[in-house]
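# Overview (structure and organization)
Chain by chain, the residues:
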Amino acid sequence: MKVIVFPNQKGGVGKTSVAASVAVQKATGGFKTCLVDCDDQANSSSWILGDMPLKAELADVLLKRSELSDALVQTKIENLFMLPTIGLGGSLRLYSKTMANESPFAMRQLMRKLEAESFDYAFFDVPPNFLSVVEMCMLASDEAIVVTELNEFSHDGLAELFDNIKDMQERFDTNRPKMDKIIITKRDHRLKIQEAMLKTLSDAIPENFTIFVIPTDQAFPKSQDLKVPVQVLAETKAETLRVLKEISDAI
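First, a word on what this report is: a plain description of the structure on this page. (Residues numbered from 1 in each chain as written. Predicted model: local features only at pLDDT ≥ 70, side-chain atom pairs only at ≥ 80, totals over all residues. Heavy atoms only, no water.)

### Structural notes on the sheet that holds strand β9 (residues 210-215)
- Sheet architecture is open: three strands sit in the order β7-β8-β9, paired in parallel fashion. Bordering the open sheet on either side are β7 (146-149) and β9, each of which pairs with just one other strand. Ignoring strand direction, the axes of neighbouring strands in this sheet form an average angle of 25°.
- Judged from the five bridges that link them, strand β8 (residues 181-187) and β9 form a sheet pairing that is parallel. Bridge pairing in β9 places Ile-183 opposite Phe-212.
- The sheet strands contacting helix α11 (residues 238-250) are β8 and β9, and the helix crosses β9 at an angle near 150°. (Pairing = 2+ DSSP bridges. Helix = DSSP H or I, 4+ residues; strand = E, 2+ residues; numbered from the N terminus. Axes fitted to C-alpha atoms, helices over the stretch in contact; angles between N-to-C directions. Contact = heavy atoms within 4.5 Å.)

### Some remarks on the packing of helix α6 (residues 106-116) against helix α7 (residues 132-140)
- Interhelical geometry of α6 versus α7 gives an angle of 45° and a closest axis separation of 7 Å. In terms of orientation, α6 and α7 fall into the oblique class. As for how α6 packs across α7, the hand of that crossing is right-handed. Between α6 and α7, the residues in contact are Ala-106, Met-107, Arg-108 and Met-111 and Met-136, Cys-137, Leu-139 and Ala-140, respectively.
- Classifying every residue of the contact of α6 with α7 gives seven nonpolar, no polar and one charged. (Parallel < 35°, antiparallel > 145°, perpendicular 65-115°, else oblique. Left-handed = near helix turned anticlockwise from the far one by under 90°. Nonpolar A, V, L, I, M, F, W, Y, C, P; charged D, E, K, R; others polar.)

### Some details on the pairing of strand β5 (residues 121-125)
- Within β5, five of the five residues are buried, which leaves it mostly tucked inside the rest of the structure.
- Of the two faces of β5, the one holding Tyr-121, Phe-123 and Asp-125 and the one holding Ala-122 and Phe-124 are both buried throughout.
- Bridging between strand β1 (residues 2-5) and β5 involves four bridges; their strand directions are parallel. Bridging from a neighbouring strand, Lys-2 pairs with Tyr-121 of β5.
- Across five bridges, strand β2 (residues 33-37) lies against β5 in parallel orientation. Following the sheet pairing, Cys-34 is matched in β5 by Ala-122. (Buried < 20%, exposed > 50% of the residue type's maximum accessible area, 1.4 Å probe, protein only.)

### A short note on the packing of aromatic side chains
- Taken as a whole, this structure holds six aromatic pairs when the rule is applied.
- Between Phe-31 and Tyr-121, the aromatic rings sit 5.5 Å apart at their centres with planes inclined by 90°, giving edge-to-face as the arrangement. One end of the pair, Phe-31, is in the loop between α1 (15-28) and β2; the other, Tyr-121, is in strand β5, and 90 residues separate them in sequence.
- Centroid distance Tyr-121 to Phe-123: 5.9 Å. Interplanar angle 5°. Geometry classified as stacked.
- Of note, Lys-26 hangs over the ring of Phe-31, and the distance from its end group to the ring centre comes to 4.8 Å.
- Stacked on the ring of Phe-81, the Lys or Arg Lys-32 has its end atom at 5.5 Å from the ring centre. (Phe/Tyr/Trp six-rings, centres within 6.5 Å; stacked < 30°, edge-to-face > 60°. Lys NZ or Arg CZ within 6 Å of the ring centre and 35° of its normal.)

### Topic: the packing of α1 against α11
- Between α1 and α11, the least distance of the axes is 9 Å, while the angle of their chain directions is 70°. As the angle between them shows, α1 and α11 are arranged roughly perpendicular. When the axes of α1 and α11 are compared, the crossing they make is right-handed. Residue-level inspection shows Ser-21, Val-22, Gln-25 and Lys-26 of α1 in contact with α11, the latter providing Leu-244, Lys-245, Ile-247 and Ser-248.
- Grouping the constituent residues of the contact of α1 with α11 by class yields three nonpolar, three polar and two charged.

In short, shape yes, function no, at least from these values alone.
What follows is the structure, encoded as C-alpha cells:
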C-alpha cells in the first residue's frame, strides 16, 4: 500500500480539494483507496460522505475506543473508503492537543492495519499547520506532495514548510516521506501577473520536482456544496480533469 500526504501550513490553498479528488481518481481507476480525514474541520468527510451516519471517527481508533472496522466507511464511490472525522464537535481536536505528541508513530501503525485490509492507496487530508497530527501523518507516509496556491507569498511559505520537514526528518532520523512533486493551484490564465508568479515559484522549487498546475475552477466549491466529486460535474474544466489524472497516474 502506498500512503501519501498533501501538506501545507497555510489554509485555503486547496489541500482538501486535491486530496479528495486524487483519492476519487485512484478509486475510479480500480484501486482500493482510503481517504483519511485528519483535519478537525472535517471538510473532506462532509464533502465525500454528506449526511451518511457514522459509527465512529478516526480519533476513536487512535484513542483505542473503537476498532478500525467501526470507523471505516465505504463511500458511494466504488473502491473509495474513508476514515472520517466528525468535525469540531468530535474528538480529533482533543486528541491532537493532548495525546498526538506522545504517539508520533500511531498513524503509521494504523496504516499497517489498512494495508492488512488489502488497500492499494491511502491519502491523508491534513490541517494547515505542522503540529503533532501532521507530523504523525508525515511519518506514516511514503510520499508528501505539497499543495500551494499561486500567489506572491507562496515562495516564503514553501521555504518554511521544507525547513520544517527537514527538521522533522532529522529529529526522527528518517528519510520519510519522499518528496519530488508539487501541486500549484488556482492558476488563472486571465491574470497576466500570474505568469511572473509561476516562474518565480517554479524557479524556487528543486529541479528534480515534477510540477502540476491546477487552474482556478468553480467546480470545486460547487462539487463540495453538492457533496459529489468534482469529476462528475459537467462544468468541470477539461484542464482540471487532465491534471488530476496526471497526478493520479504519477503516483
